[in-house]
Amino acid sequence: MQENSSTRSPGTTRQQMLQPSNLVQKCLEENGFTQTFKNLLSSLPKAKGWYSPHLYNYQGFWLTALHLEGTLFFQHHFHARDSDILLVTSPKSGTIWLKAMVFTLINRMQHSVLSKEHLLLTCNPHDLVPFLELNYAQEKNPISQEDDPSLTSPRLYSTHLPYVSLPESVKNTKCKIIYMCRNPRDIFVSLWHYISKLRSQESEMIPFEEAFDMFCNGFTMAGPFWDHVLSYWEKNCEMTQKVLFLKYEEVKEKPFLHLKRLAEFLDCPFSLEEEETGLVDEVIKLCSFDNLSNLEVNKSGKTMFGNDNRVFFRKGEVGDWKNHLTDEMVDRLNQITEDKFKGSGLKL
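Residues numbered from 1 in each chain as written. Predicted model: local features only at pLDDT ≥ 70, side-chain atom pairs only at ≥ 80, totals over all residues. Heavy atoms only, no water.

## Examining the pattern of salt bridges
Part 1 of the reasoning: Considering all chains together, one arrives at nine salt bridges under this definition.
Part 2 of the reasoning: The shortest N-O distance in the salt bridge between Arg-332 and Asp-213 comes to 2.9 Å. Residue Arg-332 is located in helix α18 (residues 327-341), and its partner Asp-213 is located in helix α10 (residues 208-216); the two are separated by 119 residues in the primary sequence.
Part 3 of the reasoning: Classification of Asp-213 by relative accessible area gives partly exposed; the value is 33%.
Part 4 of the reasoning: One salt bridge in this structure joins Lys-340 and Asp-227, with 3.2 Å as the shortest N-O distance. Here Asp-227 lies in helix α11 (residues 225-238) and Lys-340 lies in helix α18, a separation of 113 residues in the sequence. (Salt bridge = Lys/Arg side-chain N within 4 Å of Asp/Glu carboxyl O. Helix = DSSP H or I, 4+ residues; strand = E, 2+ residues; numbered from the N terminus. Buried < 20%, exposed > 50% of the residue type's maximum accessible area, 1.4 Å probe, protein only.)

In structure tokens, the structure reads:
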């Protein structure tokens, strides 16, 4: 395995990458866009947003104006390599955890899991594994570092986009996709708390009941949630060598098993010696919620987009929805899930 180069965002140095930007304000105000892009926005179906003023329906899914702008640049300018790795999640599906695990796995030869200088100890996983659509929203630079053939492989990136919105080069190369889903009850609760933290200093949060209704109707970032999940489940069934489908709850229950599964899928399996010396357990410990959430960088640092790192960590539990959802809400989500996934073979 070679050292992963994707700890830098396209077109930026590491120092530049870690500086806060004006993207948060741009998202809130929907300002700073070209007239051509504004014309596109005006032609798309529009709905009320959770954090930004609006969501726009593009290719059947709802995106903020900022995410849509970045998606268009991503689709037109990203050139996937056969060795690339793309991590995909619906928001609040264990994104940080997945990034930490995969980054540690593919870089374990260069960055010892036991090292006191491991990058996870000083960098938030979002800065180590960049969101491509957000990087393109920031850079808008088709000639960027990611296209430099001299960069080592594998390159590790992430996205919240549905399969239909991925660049053709991702679909047509041997680029590997790892998708992790989570049950919609916990996703909704986690998402509402997350957006509440983001909006606390900007504007009043959407009432819990209203947000729940929006979620059920698909009006959420990269939603509808169920369609997003199905788009990758179907590809996993068709292309098992290209797409790995993980369930958050199963990984939480048996992390040792699924970490080995991840390593094998990425063609960097643990050796017998690594297993016998406890390396798998050390990776699990390093990437655990308890460890990551208590690191200074994740308690006081900021992401490259200016958000406080601490907003990404709340509980990381399975079943916290029981403390927030009424029986009627649970029944509604369960019924939607049953109807949407009927005949697919997928159960959450």
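Having seen it, we continue.
## Structural notes on the sheet that holds strand β2 (residues 54-58)
The strands making up a sheet associate through hydrogen bonds between their backbones, and the pairing can be parallel or antiparallel.
Part 1 of the reasoning: As summarised here, the arrangement of the three strands in space is β1-β2-β3, forming an open sheet in which the pairing is antiparallel. Of all strands in the sheet, those with a lone pairing partner are β1 (46-48) and β3 (61-63), marking the two edges. The sheet shows a mean angle of 35° between the axes of neighbouring strands, direction not considered.
Part 2 of the reasoning: Sheet topology places β1 next to β2; three bridges connect them, and they run antiparallel. What sits directly across from Ala-47, in β2, is Leu-55. (Pairing = 2+ DSSP bridges. Axes fitted to C-alpha atoms, helices over the stretch in contact; angles between N-to-C directions.)

## Re the environment of Leu-156
Part 1 of the reasoning: Turning to its location among the elements, Leu-156 is positioned in strand β5 (residues 156-159).
Part 2 of the reasoning: Accessibility expressed as a relative area gives 0% for Leu-156, which makes it buried.
Part 3 of the reasoning: Put simply, Leu-156 and Leu-86 are 70 residues apart on the chain and 6.1 Å apart in space, counted from C-alpha to C-alpha.

## Thoughts on the pairing of strand β7 (residues 243-247)
Part 1 of the reasoning: Burial runs high along β7: five of the five residues are buried.
Part 2 of the reasoning: Side chains Val-243, Phe-245 and Lys-247 project from β7 onto one buried face, and the interleaved Leu-244 and Leu-246 project onto a second face that is buried too.
Part 3 of the reasoning: Across five bridges, strand β6 (residues 176-181) lies against β7 in parallel orientation. Counterpart to Ile-177 in the pairing with β7 is Val-243.

## Quick look at the packing of aromatic side chains
Part 1 of the reasoning: For the coordinates displayed, the defined rule picks out 17 aromatic pairs.
Part 2 of the reasoning: An aromatic cluster is present here, built from Trp-50, Phe-188, Trp-192, Phe-208, Phe-212, Phe-215, Phe-225 and Trp-226 joined pairwise through their rings.
Part 3 of the reasoning: Positioned over the ring face of Tyr-194 is Lys-92, at 4.5 Å from the centre of the ring.
Part 4 of the reasoning: Note that Arg-182 overlies the ring of Tyr-248, its terminal NZ or CZ placed 4.3 Å from the centroid. (Phe/Tyr/Trp six-rings, centres within 6.5 Å; stacked < 30°, edge-to-face > 60°. Lys NZ or Arg CZ within 6 Å of the ring centre and 35° of its normal.)

## Here we look at the sheet that holds β7
Part 1 of the reasoning: Strands sit in the order β5-β4-β6-β7 across an open sheet of four strands; the sheet is parallel. Looking at which strands have only one partner, the edges of the open sheet turn out to be β5 and β7. Across this sheet, the average inter-strand angle for adjacent strands is 20°, counted without regard to direction.
Part 2 of the reasoning: Each of β4 (85-89), β5, β6 and β7 touches helix α5 (residues 95-106); the most contacted strand, β4, lies at about 160° to it.
Part 3 of the reasoning: Contacting β4, β6 and β7, α11 crosses the sheet at an angle of about 130° to β7. (Contact = heavy atoms within 4.5 Å.)

## Let's talk about the nonpolar core
Part 1 of the reasoning: Counting 62 residues, the largest nonpolar core has Trp-50, Leu-68, Leu-86, Ile-177, Phe-188 and Leu-325 as the members making the most contacts within it.
Part 2 of the reasoning: With eight residues, the top contributor of residues to this core is helix α9 (residues 184-199).
Part 3 of the reasoning: Residues Phe-103, Phe-270, Val-280 and Leu-295 belong to the second largest nonpolar core, which totals 39 residues. (Core = buried A, V, L, I, M, F, W, Y, C linked by side-chain atoms within 4.5 Å.)

## Considerations on helix α15 (residues 279-286)
Part 1 of the reasoning: Among all positions of α15, only Leu-279, Val-280, Val-283 and Leu-286 are buried. Buried residues along α15 cover an arc of 125° about the axis, so they all sit on one side.
Part 2 of the reasoning: Tucked into the core, α15 has its buried residues touching α5, α13 (255-265), α14 (272-276) and α16 (289-293). (Arc of directions from axis to C-beta.)

## Re the side chain of Asp-84
Part 1 of the reasoning: Position of Asp-84 relative to the elements: it lies in the loop between α4 (65-77) and β4.
Part 2 of the reasoning: Among the polar contacts made by the side chain of Asp-84, one reaches the side chain of Arg-155 at a distance of 2.6 Å.
Part 3 of the reasoning: In this structure Asp-84 touches Phe-78, His-79, Arg-155, Cys-175 and Lys-176, once residues within four positions along its chain are discounted. (Polar contact = N/O pair within 3.5 Å; in protein donor to acceptor, adjacent residues only side chain to side chain.)

## Some points on the pairing of β2
Part 1 of the reasoning: By the criterion of burial, β2 is predominantly enclosed, with four of the five residues buried.
Part 2 of the reasoning: Between β1 and β2, which pair antiparallel one after the other, the connecting turn spans five residues.
Part 3 of the reasoning: Bridging between β2 and β3 involves three bridges; their strand directions are antiparallel. In the sheet register, Tyr-56 faces β3, and the bridge partner there is Leu-63.
Part 4 of the reasoning: Connecting β2 to the next strand, β3, in antiparallel fashion are two residues, including Gln-59 with a positive phi near 55°.

## Considering α5
Since there are 3.6 residues in each turn of an α-helix, residues three or four apart along the chain are aligned in direction.
Part 1 of the reasoning: Compared with an ideal rise of 1.5 Å per residue, which puts 12 residues at 16 Å, α5 spans 17 Å between its outermost C-alpha atoms and is within 8% of the ideal.
Part 2 of the reasoning: The element α5 is extensively covered by neighbouring structure, given that 12 of its 12 residues are classed as buried.
Part 3 of the reasoning: Along α5, the residues classified as buried are Thr-95, Ile-96, Trp-97, Leu-98, Lys-99, Ala-100, Met-101, Val-102, Phe-103, Thr-104, Leu-105 and Ile-106. (Expected span 1.5 Å × (residues − 1).)

## Quick look at the packing of α5 against α13
Any two packed helices are characterised by the angle at which their axes cross and by the distance between the axes.
Part 1 of the reasoning: Two elements in contact, α5 and α13, have axes whose closest approach is 10 Å; the angle formed by their N-to-C orientations is 55°. By the criterion of interaxial angle, the relationship of α5 to α13 is oblique. As for the relative orientation of α5 and α13, their crossing is right-handed in sense. Residues Met-101, Val-102 and Leu-105 of α5 touch α13, and the partners they reach there are Leu-259, Leu-262 and Ala-263.
Part 2 of the reasoning: Split into classes, the residues belonging to the contact of α5 with α13 amount to six nonpolar, no polar and no charged. (Parallel < 35°, antiparallel > 145°, perpendicular 65-115°, else oblique. Left-handed = near helix turned anticlockwise from the far one by under 90°. Nonpolar A, V, L, I, M, F, W, Y, C, P; charged D, E, K, R; others polar.)

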